[in-house]
Amino acid sequence: MSEDRENRTPNFIRNIIEEDLASGKWDGRVQTRFPPEPNGYLHIGHGKAICLNFSLAEEFGGKCNLRFDDTNPVKEEDEYVQSIIEDVKWLGFDLGDTIFYASDYFQQMADFAIDLIRKGLAYVDDLTADQIREYRGTLTEAGKESPFRNRSVEENLDLFQRMKNGEFPDGTKVLRAKIDMASGNINMRDPVMYRILHASHHRTGDTWCIYPMYDWAHGLEDSIERITHSICTLEFEDHRPLYDWYLDALETYHPQQIEFARLNLAYTIMSKRRLLQLVKEKHVNGWDDPRMPTLSGMRRRGYTPESIRTFAERIGVAKRDSMVDMALLEFCIREHLNAVAPRYMAVLDPLKVKIVNYEGNGEFLECINNPEKPEAGSRKVPFSGELYIEREDFREDPPPKFYRLAPGREVRLRYAYFITCVDVIKENGRITELHCTYDPQTRGGDAPDGRKVKSTLHWVSARHAIPAEIRLYDRLFNVPDPSNADGDFLDHLNPDSLQTTQGYLEPALQECRTGDRVQFERKGYFCLDPDSAEGRPVFNRTVTLRDTWAKIEQKQSGD
RNA sequence: UGGGGCGUCGCCAAGUGGAAAGGCACGGGGUUUUGGUCCCCGCAUACGGAGGUUCGAAUCCUUCCGCCCCAGCCA
């Protein structure tokens, strides 16, 4: 753990906490929080925030609260709170025994509002939403004060009470803080604290018909929970003066708000609104579609919590807007899966091979389960005279540097025999089968005479093969920054982001259970999808292996 | 033309006056029954530009340039 800490790159937030600990600012406490609104599924950007807040607490012996910022019933649903709890737990952080809800503080917030009214710092406004907008002014011109701004404390108290009691229809009145209509910071131009919303809340039902606005609610939530460091994203920087103003005016416990840059990942989007649109309009198959940057999608795709946590650690935390390469995420998942995923053989795009001099009825060959993990042991894989290999592993007319099978060429079948291609069978110009000879002396994959081959191919015995659906994923969009590209972001969806193939698996793969992650040798890491049926497995490709040959070939076609 | 931020290698990111960490990517080499993994090596005389202060500046000052956010009764 302490070694862990030394390996971490310093960041400005950790520095602030260390200084606070040194000066005794919060009596040595570190209390953070992750405050999602339950209006959608969590994505990898939230993952960054979760890792940040929980890791900081963990590192300094503090606590991090999972708190639902459920102040807007019209957008929030219980389905989302359940998914968020599942995702945070999945990432592996300790939630303690309490999950917090802003809605549990509605009464306290209303009491605080009465305090503010009594201090003459809040008033009920009868202006319409349109009028409030007009009165707010613009970025360069000051706003003007509402004619209702100077109502008496008594009148405000009465009106606010009646708002709470449900005497007024939606939109007819709001409670506002009395700050400064001429402030350069628009957030300070008498911000709305409460609006009337006769809407049923997923937790409080119809108890309330007024709901607090974010700025008013959030600082109070932090204050009530005795948060020390309230970490949020950059766009809330302008809100900090208001956060501070409310807490100062109330003369109550006052955490420090700190802002960092949210995550942007190339070739995908991180906007909940747009993600929701992809789901609603069926551009993807639900929030957990493996192409989605949601935590549930990544989980289904085969990402591990560990890989996401190391990713979050490696991208760092800073204040500048940035766009992280997919390559780093992929590196993180490969790194973890390389260490833990058992190896199997599976052919994604089958080409039949007949071993013309093979006379036996078949046999079992010993295969290592994970060369990175000797304790994973080995298994027996059936071999026979009819096999499938990968279509792309054969070239009738091999280009330079292509080491795989070709007419007259000898290669190794992994853990099996050397084979040599002696004939190519075609139908209407398409290769349908290869005839090969094998060398019985090379059983297991080594030639007693010491001769070498330039490549090793994976294979599956045709007679024993299990047919499977394999889903190959590519980036969801074909531009790095779809949200800021020309036209609608939907115009940039990658039409080939999902390709389905029918392949063959070695029999041992039958034992996989939903969610199991494996390596298909030479092809990548795969994960058994919940769509699988008995005898009809469906595998998702999490990520390919690094592919040096693909790079060489691409370079060749480039010149 | 208001307010708030940010500019260090292709992508992230340390560094807070003593002289450019690290990771990814990329290139080269070695090992290898996964063209995987692993291991070596290389990769910013340079920190948005220009001035200035200083023995010394990415770090301080001036000025210019560029990018991001804010005018919801959303969060």
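Residues numbered from 1 in each chain as written. Chains lettered and ligands numbered in written order. Predicted model: local features only at pLDDT ≥ 70, side-chain atom pairs only at ≥ 80, totals over all residues. Heavy atoms only, no water.

Engineer: Provide a residue-level description of the state of the cysteines, including the pertinent values.
Structural biologist: Here a disulfide denotes one covalent bond, and it connects the sulfur atoms of two cysteines. In this structure the tally under the stated criterion is 0 disulfides. Here C64 is not disulfide-linked; the sulfur of C51 is the nearest cysteine sulfur, at 11 Å. Looking at C64, the relative accessible area reads 5%, which means it is buried. (Disulfide = S-S within 2.5 Å. Buried < 20%, exposed > 50% of the residue type's maximum accessible area, 1.4 Å probe, protein only.)

Engineer: How would you explain the confidence of the model for chain A if you had to name every residue and give the values?
Structural biologist: Taken as a whole, chain A shows an average pLDDT of 97; of its residues, 98% reach a score of 70 or greater. This prediction of the complex comes with two scores: 0.96 for pTM and 0.96 for ipTM. (pLDDT = per-residue confidence, 0-100.)

Engineer: Give me the pairing of strand β6 (residues 192-196): which residues, what numbers.
Structural biologist: The buried fraction of β6 is high, at 5 of 5 residues. Both strand β5 (residues 174-177) and β6 contribute to a ladder of 3 bridges, which runs antiparallel. Note that in β6 the partner of L175 across the bridge is Y194. Two elements, β6 and strand β7 (residues 210-212), share 3 bridges in a ladder whose sense is antiparallel. Residue pairing for β7: Y194 is matched across the bridge by P212. (Helix = DSSP H or I, 4+ residues; strand = E, 2+ residues; numbered from the N terminus. Pairing = 2+ DSSP bridges.)

Engineer: A description of the sheet that holds strand β21 (residues 466-473) should follow, citing residues and the corresponding values.
Structural biologist: The strands that make up a sheet pair up through hydrogen bonds in the backbone, lying either parallel or antiparallel. One open sheet holds the 7 strands; their spatial order is β10-β23-β24-β25-β21-β22-β11, and the pairing between them is mixed. Of all strands in the sheet, those with a lone pairing partner are β10 (343-344) and β11 (346-347), marking the two edges. As paired elements, strand β23 (residues 517-520) and strand β24 (residues 524-528) share 4 bridges and run antiparallel to each other. Among the inter-strand pairings, R517 is bridged to a residue of β24, identified as C527. Contacts from helix α13 (residues 326-340) reach β10, β23, β24 and β25 (538-543), with the element oriented near 120 degrees to β25. (Contact = heavy atoms within 4.5 Å. Axes fitted to C-alpha atoms, helices over the stretch in contact; angles between N-to-C directions.)

Engineer: Describe the environment of L493, and please don't skip the residues or the numbers.
Structural biologist: Positionally, L493 belongs in the loop between β21 and β22 (498-505). Classification of L493 by relative accessible area gives buried; the value is 19%. Note: C-alpha distance between L493 and R475 (18 residues apart in sequence) is 8.8 Å. If we ignore the near neighbours within four places in the chain, the residues touching L493 are L278, H283, L476, F477 and N478.

Engineer: Which residues make up the packing of aromatic side chains, and what values go with them?
Structural biologist: For the structure on display, the rule yields 22 aromatic pairs. Pairing Y41 with Y80 gives two aromatic rings, centres 5.8 Å apart and planes at 90 degrees, and the pair type is edge-to-face. With a gap of 39 residues between them, Y41 in the loop between β1 (31-34) and α3 (44-59) and Y80 in helix α4 (residues 78-91) connect regions that are remote in the sequence. When sorted by exposure, Y41 lands in the same class as Y80, which is buried. With a centroid separation of 5.5 Å and 70 degrees between ring planes, the pair formed by F402 and W549 is classed as edge-to-face. Here F402 is found in the loop between β15 (386-390) and β16 (410-413), whereas its partner W549 is found in helix α14 (residues 548-558), with 147 residues between them in sequence. By the ring-pair criterion, three or more aromatic residues cluster together here, those being Y358, F383, Y417, Y438 and W459. We note R299 situated over the ring of W90; from NZ or CZ to the ring centre the distance is 5.2 Å. A cation sits over an aromatic face here: R475 above Y267, 3.6 Å from the ring centre. (Phe/Tyr/Trp six-rings, centres within 6.5 Å; stacked < 30°, edge-to-face > 60°. Lys NZ or Arg CZ within 6 Å of the ring centre and 35° of its normal.)

Engineer: Can you lay out the pairing of β21 for me, pointing to particular residues and giving the numbers?
Structural biologist: When a strand is regular, its side chains alternate between the sheet's two faces. Within β21, 7 of the 8 residues are buried, which leaves the element mostly enclosed by the surrounding structure. Both β21 and β22 contribute to a ladder of 8 bridges, which runs antiparallel. From the neighbouring strand, P467 faces β22, where its bridge partner is Y504.

Engineer: Now, about the pattern of salt bridges: what can you tell me, with residues and values included?
Structural biologist: As enumerated under the stated definition, the model contains 49 salt bridges in all. R404 is the partner of D393 in a salt bridge, and the nearest nitrogen-oxygen pair spans 3.1 Å. Highlighted residues: D393 in the loop between β15 and β16 and R404 in the loop between β15 and β16, separated in sequence by 11 residues. Exposure class is identical for D393 and R404. Each is buried. Residues R395 and E553 are paired through a salt bridge, measuring 2.5 Å at the closest nitrogen-oxygen approach. One end of the pair, R395, is in the loop between β15 and β16; the other, E553, is in helix α14, and 158 residues separate them in sequence. On the basis of relative accessibility, which here comes to 28%, the residue E553 falls in the partly exposed class. (Salt bridge = Lys/Arg side-chain N within 4 Å of Asp/Glu carboxyl O.)

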